[in-house]
Structure formats: C-alpha cells, structure tokens
Amino acid sequence: MANKRPKIAVIWFPGQNCEDESKLVCEFAGMKADIIVVNSSVDPKILEQYDGFFIGGGWSYEDRIRAGAIAAKDPIMLKIKEEAKKGKVVLGVCNGAQILVETGIIPGLRDKVQLALAPNTNPKVFGYYNTWVYVKHECKKTNAFNLAGIDEVLHIPVAHGEGRFTTTDKELIKQLIKNEQILFRYCDEDGNIDEKYPINPNGAVYNIAGITNKEGNVLAIMPHPERASWNKQLPYFEQHNFEENEKAAPCMKLFESIRMYLEKRMK
Amino acid sequence: MTSTKPIEMFVRLVVPDNIALTAKHTLHKIGFKIADLRREDYYSFSVDAKDPKNTKDKNTEDLKNLLAKTDILANANKHKVSFDLERDGTKILVTDIDNTGQGLLHTLRERLGFAQIQSASSGTLWTFIGCKEEDAVKMTKELLINEHYQEFKLLQ
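Residues numbered from 1 in each chain as written. Chains lettered and ligands numbered in written order. Predicted model: local features only at pLDDT ≥ 70, side-chain atom pairs only at ≥ 80, totals over all residues. Heavy atoms only, no water.

### Let's talk about the overall build of chain A
Argument step 1. Looking only at helices and strands, chain A features six helices and eleven strands.
Argument step 2. Computed over C-alpha atoms, the radius of gyration of chain A comes to 17 Å, within 12% of the 18 Å expected from 2.2 N^0.38 for 267 residues, which places it in the range of a compact globule.
Argument step 3. Each principal axis of the C-alpha distribution contributes one length, and for chain A these read about 45 × 45 × 35 Å.
Argument step 4. Among the 267 residues that make up chain A, the fraction classed as buried is 56%.
Argument step 5. Considering only contacts within chain A whose residues lie at least 6 apart along the sequence, 77% involve residues at least 24 apart. (Helix = DSSP H or I, 4+ residues; strand = E, 2+ residues; numbered from the N terminus. Rg over C-alpha atoms; globule rule 2.2 N^0.38 Å. Buried < 20%, exposed > 50% of the residue type's maximum accessible area, 1.4 Å probe, protein only. Contact = heavy atoms within 4.5 Å.)

Quick look at the structure:
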C-alpha cells in the first residue's frame, strides 16, 4: 500500500526513561510509533501488529541484580525474540542493548547468552559515565540500520555504568568480525581506533559500541543515536541558525534506514 | 615477613530487600521453586597480623567494630552487619571476575585510614532457602550471574 508507514512499538519497561524521545525520532524518520507499557496486564501478542521494536534507555527494574537481567526474563522479550526471527527490526539502545544481550538475541549465534555488558572500566570515573564519543561505522554489509547510508564517523553521546561489551568466548569476536556483525566501534574524531580511554569510554573489547545479529535486523548499541538525531542536539549546535538546528543530524540516517528496510519488507 | 589473617563481613538489609524480592519473583516466573531468597553484601579483607596492634583478639574486634561503623560499607539505619556466616540454606557468593578490589582497598586505606588492611574484595552473597543445592546452582546460572564477567562459588 502506497502511504502505509511502518509501525514501531517503543517498549517501556518500568524504570526506563527514554520512551518519548525514542517515539519522536521514529516519527520524524517517517514511521508510526506507539509506547507499549510493560506491566502484568500487557499481552505479548499485542506486538504482532508492529513491524519493529525500539527498546530504549534507562534502568529497567532499577537494574536489580544487574542491568537488563530482569527485563530479559519478561515474556514480552520471548515474543520480541520470536518476532525478530520473522525479520522484524529490533533496536536496543543503552539499557535496551543490555536487555538484548541478556536475552541472547545479540549476538544470537547460539541459543544462549554469549556476551555481557559489564561495568565500565574507566581510569577516571567509577560507575555511571556520561560524555560525547565518536563511533566508526565499518560494516560493509547492508543491514536494517545502514541502508540509508551512515557517515563513517558519528559524534554521539554515551550515558551508562555498564556498557563494556565483553565475553569469555575467545572465538566469538573473530566470528562477529567475520560475520560483519560489529556495526560501530569507538574511535577518535578522524576514525582512528585506540583501545584506551578516553577514545574507548568503557573498556569494551575490540572497541565495540554496537553489534547486530547475523541477519542484520537486530542492533544493540550503547551510545544514544536518538540523542544526536537533530542538529540542535549536537554539542556545537550554536553555530547553526534556528532553521538549521531543526534539521536532521547524521544519526537520523539510522532511523531512516529502519524505515526504508521496513518499507521494503511491506511491499 | 608480614602475615595476614582474613576477616569476612556480611551486610544485610533490615528493611525489605527489593532486589532479593524481585529476584525471587522472577525465579518463580521462570519456573523455579524456592521458599525464600536472601541477599547480603559480602566483603573479605586480609589484615596485617604481624602488627602487634592487630594480633590480639581485642584489636581484631576493635577493627571489626570500626569496619561496621564506616558508613561506606553499611548504613546503621537500614543494615545489620555480621562477621560470621549464618548456617542456613545454600550460600552462593557471586563476584566480578576482573574486580581486583583496588577501589575498595584505596578507600579503606587512603581515605579512612585502615592501614592494617592489605587487600579487600567484595561480592554478593545469596542464601537459597527451601531448595536443593543443585537447584540453587541452576538458579544462579539462569538469573543471578552473567558468566562473561561474573563467577560464583558455594560457601560451606
């Protein structure tokens, strides 16, 4: 159908706090978005009517036990796992990424948890760390998140205490590189990779900032693209006039990619 | 050569523990049976034992009293501090694989003046009531740790 817009369900677990900005960025990119409040009365089947899912940032269940651990066991995540297998898009940002990793949907190569988002190792700040970083897009394979084209280097904020991608599986990172599942890596302004702080803000293995599943329709990313999607959100926005500031910034392409990918699926 | 002796410290909430309650409810939801689940903050210290001030029992007790009163490790308004492991249920200690305890040690030695403490580590102690040991291990693996940065051991 010509004017049908893809529908995104913004999943809102108790304790998360990015639902409105997540909804807004989906709408600006040309999709419809509803906020789905996860509580004991929500029927996971409601998700069947959506084309994609956005699990945003915050502290689901107050990070009780560890970040993402409780939400990962919610029946709604089982449903999202099922829907992702059909090719629907799933984006997990920050706490959403932690939940996807705790469910095993990311990296999704085996039916088990293969990664952790462990507490940051940062020589300057213990615990929660909030700053602007650069990430490099180095995935040559087209997926649901780079279809519209992504700048090679993105300026983007991070805000987390448990964002260090790590694994005890020594072969996994090699496999992720081979499969082109590592979508974003922390880098400097010119795209140079340095594993040390402050380029790598949390000590993540291989400077990983974002990982997709093998099929490329699920992304777990620790930085917040929805907080860098308009010029007015960027730290140097003062150099632009009002009209310029209301325009999309480079990170918006990630959401435009999702729309394009879903529109293709809907044809 | 200076020798050391270990001190273990257990810090438990005396108000309802929302983390333990949420963990118990989640375990029930995913199909495990358990009567109760408790959680304590666990600290382990190596204390200089050659220093004459620390070799007598009284000095050890004084040190324990001081540790219990540091509001860094426990808040007297909501925590109960113990230096003995209670003998009930199945005890599982969860720790971070790469946490060397250097941050805690630095705080205790440099900020609070506990010069006699040579090393420190911390973790979370879970007590499973009303289930078999093997089930407690299964529950730990399923919910209470992520094996890619944490590990666990049974405390006897």
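Still to come is the rest of the account.
### Here we look at the side chain of Thr107(B)
Residues and elements named next belong to chain B.
Argument step 1. Considering the arrangement of structural elements, one finds Thr107 in helix α4 (residues 102-111).
Argument step 2. For Thr107, a relative accessible area of 18% corresponds to the buried category.
Argument step 3. In this structure, Thr107 is in contact with Ile72 and Leu112, ignoring residues within four places of it in sequence.

### Some words on helix α1 (residues 19-28) of chain A
Residue and element names in this part refer to chain A.
Argument step 1. Taken together, the buried positions of α1 are occupied by Glu19, Ser22, Val25 and Cys26. Within α1, the buried residues cover an arc of 135° as seen down the axis, which keeps them to one side.
Argument step 2. One or two positions beyond α1, positive phi appears at Gly30, with a value near 100°. (Arc of directions from axis to C-beta.)

### As for the pattern of salt bridges
Argument step 1. Counted by the stated rule, this structure contains 27 salt bridges over all chains.
Argument step 2. Between Lys91(B) and Asp88(B) there is a salt bridge whose closest N-O contact spans 3.0 Å.
Argument step 3. Each of the salt bridges in this network shares a partner with another, and the network as a whole consists of Glu48(A), Lys79(A), Glu82(A), Glu83(A), Lys86(A) and Lys88(A). (Salt bridge = Lys/Arg side-chain N within 4 Å of Asp/Glu carboxyl O.)

### Side note on the interface of chain A and chain B
Argument step 1. Opposite the 21 residues of chain A that make contact, chain B presents 20 residues.
Argument step 2. Between chain A and chain B lies a buried interface of about 1600 Å² when both sides are counted; carbon and sulfur atoms form 57% of it.
Argument step 3. Two residues, Glu147(B) and Lys112(A), come together in a salt bridge whose shortest N-O distance is 3.9 Å.
Argument step 4. Summed over the shared surface of chain A and chain B, the number is twelve residue pairs in polar contact (both at pLDDT 80 or more). (Buried area = accessible area lost by both parts, 1.4 Å probe. Polar contact = N/O pair within 3.5 Å; in protein donor to acceptor, adjacent residues only side chain to side chain.)

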